[in-house]
Amino acid sequence: MSINATVLMRRFMTKVKFRHMEVLVRLCELGSMRRATEALGMTQPSISQMISEMEQLMETELFFRHARGVEPTAATLELLPVARRMLSSLGEAAEVVANRLGDNAGLVRVAASEAGLFGLVHPILPEFARQRRGVQVAVNLVHGGATLVAIAEGTCDILCLREPNVVPEGWVFEACRPDALIVVCGPQHPLAKAGHVTQHSLGGYRWLMNRVDSIARRRYEEMHSAQGWPDELRCHVVTHIPEMTVRLLASDPYLALLPRAIATPYLAGGQIVELPCDIAFPLSPLGFLWEEAKATRTTKLFVQALRRGALAAAGEAGRQAAPQ
């Protein structure tokens with residue numbers, strides 16, 4: 001009879017150490033007992049013993065042994081990503097605790113959506129790093145529906161994103177800047193130097209597609225349907241990576257819809273151009289979630305930097321909108 005999950009979990013809780021997981025990960029990565037002993041500073045009998053303990057506990061073989069080294073079994077490959085997450089979480093926990101016990105909480109963990117990263121975090125990070133040399137800033141990118149998972153898992157102090165429909169209990173959302181979808185192209189595109197572009201004329205050029213469930217894709221489909229644009233002008237390369245989108249725009253005569261927050265650094269660098277057209281697709285404002293009541297000194301410093309960055313962006317937008 002096969003072992004069930006409840007029994008296996010109890011065995012893990014009482015018998016497995018982080019060292020077991022480290023050995024398993026290293027053996028998978030290196031494929032050799034000898035190389036694993038060198039990397040871990042352990043003897044080969046010690047490593048063999050730890051693997052044997054895991055195999056007895058799980059009642060299955062974890063590695064195939066052969067003349068060239070070791071090869072993970074199917075069971076090990078299933079366990080491997082979990083083991084890596086455990087070790088990564090342990091490292092993060094050690095860093096958090098060390099900073100809490102050390103220089104008055106010198107670590108701030110920032111999670112951000114792509115728009116939050118480009119629109120809020122990226123603009124302030126260089127100056128913050130120069131001014132706060134003793135502060136460690138750990139920035140992680142979170143995607144789509146998983147944005148609030150970082151709060152649920154307790155892996156962030158600040159979460160930068162669009163205004164969410166639901167705010168977790170105890171957390172507060174502060175809006176920092178408005179955002180909207182804009183039409184962009186590469187600097188060599190025929191429309192790059194146009195004085196004004198109508199929706200109808202946009203249908204004569206090829207478009208990069210956004211992912212199906214995105215706001216940008218829905219807005220494109222609305223224009224496509226209303227203007228009767230031909231289907232053959234769609235480019236069916238769909239990328240979720242801004243850098244890749246920008247490279248495609250720079251190399252071929254495509255158009256694309258991008259949030260202004262994501263496009264801004266590429267517009268400033270001249271890699272892409274915003275087209276002046278009669279399209280207005282406002283998006284939910286960008287801002288950040290934080291648990292003010294439990295915030296450390298370092299978290300508050302980063303929040304202050306985000307607020308200053310929002311004021312600076314608003315001032316710049318006002319200057320650009322003012323008549324010349």
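Please read all numbers here as calculations on a predicted model, not as lab measurements. (Residues numbered from 1 in each chain as written. Predicted model: local features only at pLDDT ≥ 70, side-chain atom pairs only at ≥ 80, totals over all residues. Heavy atoms only, no water.)

Draft legend 1. Molecular detail of the pattern of salt bridges. Overall, the coordinates contain 16 salt bridges when judged by the stated rule. The shortest N-O distance in the salt bridge between Arg 84 and Glu 29 comes to 3.7 Å. Taken together, the residues span a long stretch of sequence, with Arg 84 in helix H5 (residues 74-101) and Glu 29 in helix H2 (residues 18-30) at a distance of 55 residues. Note on Arg 84: relative accessible area 39%, which makes it partly exposed. Look at Glu 29 and you get partly exposed, because its relative accessible area is 42%. For Arg 260, the salt bridge goes to Glu 274, with nearest N and O atoms at 2.8 Å. One end of the pair, Arg 260, is in helix H11 (residues 260-268); the other, Glu 274, is in strand S10 (residues 273-274), with 14 residues separating them in the sequence. Assessed through its relative accessible area of 32%, Glu 274 is described here as partly exposed. One salt-bridge network, held together by shared partners, links Arg 217, Glu 221, Asp 231 and Arg 234. (Salt bridge = Lys/Arg side-chain N within 4 Å of Asp/Glu carboxyl O. Helix = DSSP H or I, 4+ residues; strand = E, 2+ residues; numbered from the N terminus. Buried < 20%, exposed > 50% of the residue type's maximum accessible area, 1.4 Å probe, protein only.)

Draft legend 2. Structural context of a nonpolar patch on the surface. Residues Phe 18, Val 82, Met 86 and Leu 90 make up a contiguous nonpolar surface patch of roughly 290 Å² in combined accessible area. It is H5 that provides the largest number of residues to the nonpolar patch, a total of three residues. Considering the arrangement of structural elements, one finds Met 86 in helix H5. Relative accessible area serves as the criterion here: at 30%, Met 86 is assigned to the partly exposed category. (Patch = residues over 30% accessible without salt bridge, like charges linked within 9 Å, V, L, I, M, F, W, Y side chains within 5 Å. Areas by Shrake-Rupley, 256 points an atom, 1.4 Å probe, with all protein chains shown as cover.)

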